[in-house]
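Chains, contacts and geometry: an overview
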Amino acid sequence: MIEPKSYIFDFTILRGNKGRKAPDLKICITACKSYVKLSKFAYQKLGGPEYIKAGIDLNNKAICVAPAVKSETGAIKITEHMLKKNVILIVKNTSVIKMLLEEVGLPKKVDGKLIDGELLFKF
């Protein structure tokens, strides 16, 4: 005689899932061959400023993204188009991206932290 098995089902997993991937709720930057972008969640953690600035410390292998004002050198304006497409570009120069990926060793995705109103990404 075969004994019946006891199953425990979790019906909350399938409820409301319409095949869409959950949004990435991480503070991270993503690098590819043509750009380096900031996650929209990370941008929101900064407070959604109109301008941001990005800097890199090559010795400590860290990238910092902070709010900026229009008059600052290297300020990046966040456009409505960027927010709509969820692509907040912090680097578009291909020679800089090549240097970051090949010489410095920037991985495809780097998680970060919010420290004193600035985002810090160590890789």
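Scroll up for the structure.
Cut-offs used in this document
- Residues numbered from 1 in each chain as written.
- Predicted model: local features only at pLDDT ≥ 70, side-chain atom pairs only at ≥ 80, totals over all residues.
- Heavy atoms only, no water.
- Helix = DSSP H or I, 4+ residues; strand = E, 2+ residues; numbered from the N terminus.
- Core = buried A, V, L, I, M, F, W, Y, C linked by side-chain atoms within 4.5 Å.
- Buried < 20%, exposed > 50% of the residue type's maximum accessible area, 1.4 Å probe, protein only.
- Contact = heavy atoms within 4.5 Å.
- Polar contact = N/O pair within 3.5 Å; in protein donor to acceptor, adjacent residues only side chain to side chain.
- Pairing = 2+ DSSP bridges.

Attention now goes to unusual backbone geometry. The residue K61 is not glycine, and still its phi comes out positive at about 50 degrees. By the element assignment, K61 lies in the loop between strand 3 (51-57) and strand 4 (62-68). Residues other than glycine seldom take positive phi values, yet D116 does so here, at roughly 50 degrees.

This part takes up the nonpolar core. Counting residues in hydrophobic clusters, the biggest one holds 24 residues, and the most contacted among them are L38, I52, V65, I90 and F121. Of all the elements in the fold, those that place two or more residues in this core are strand 1 (28-31), strand 2 (36-38), helix 1 (40-45), strand 4, strand 6 (88-91), helix 3 (94-104) and strand 8 (118-122). For this core, the leading source of residues is strand 6, giving four residues. Beyond its immediate chain neighbours, meaning those up to four positions away, I90 contacts I29, V36, K37, L38, I52, A54, V65 and I76.

The residue S39 is located in the loop between strand 2 and helix 1 in this model. A polar side-chain atom of S39 sits 2.8 Å from the main-chain carbonyl oxygen of K26. The contact partners of S39, leaving out residues within four places of it in the chain, are K26, I27, C28 and I88.

Of the two faces of strand 1, the one lined by C28 and T30 and the one lined by I29 and A31 are each fully buried. Summarising the sheet, strand 1 and strand 7 (residues 109-115) pair through three bridges and their orientation is antiparallel. From the neighbouring strand, I29 faces strand 7, where its bridge partner is V110. Inspection of the sheet shows strand 1 paired to strand 2 by three bridges, in the antiparallel sense. If you follow I29 over to strand 2, its bridge partner there is L38. Remark: four residues form the turn of the hairpin made by strand 1 and strand 2, two consecutive strands paired antiparallel.

Interpretation in functional terms is not warranted from these geometric data alone.
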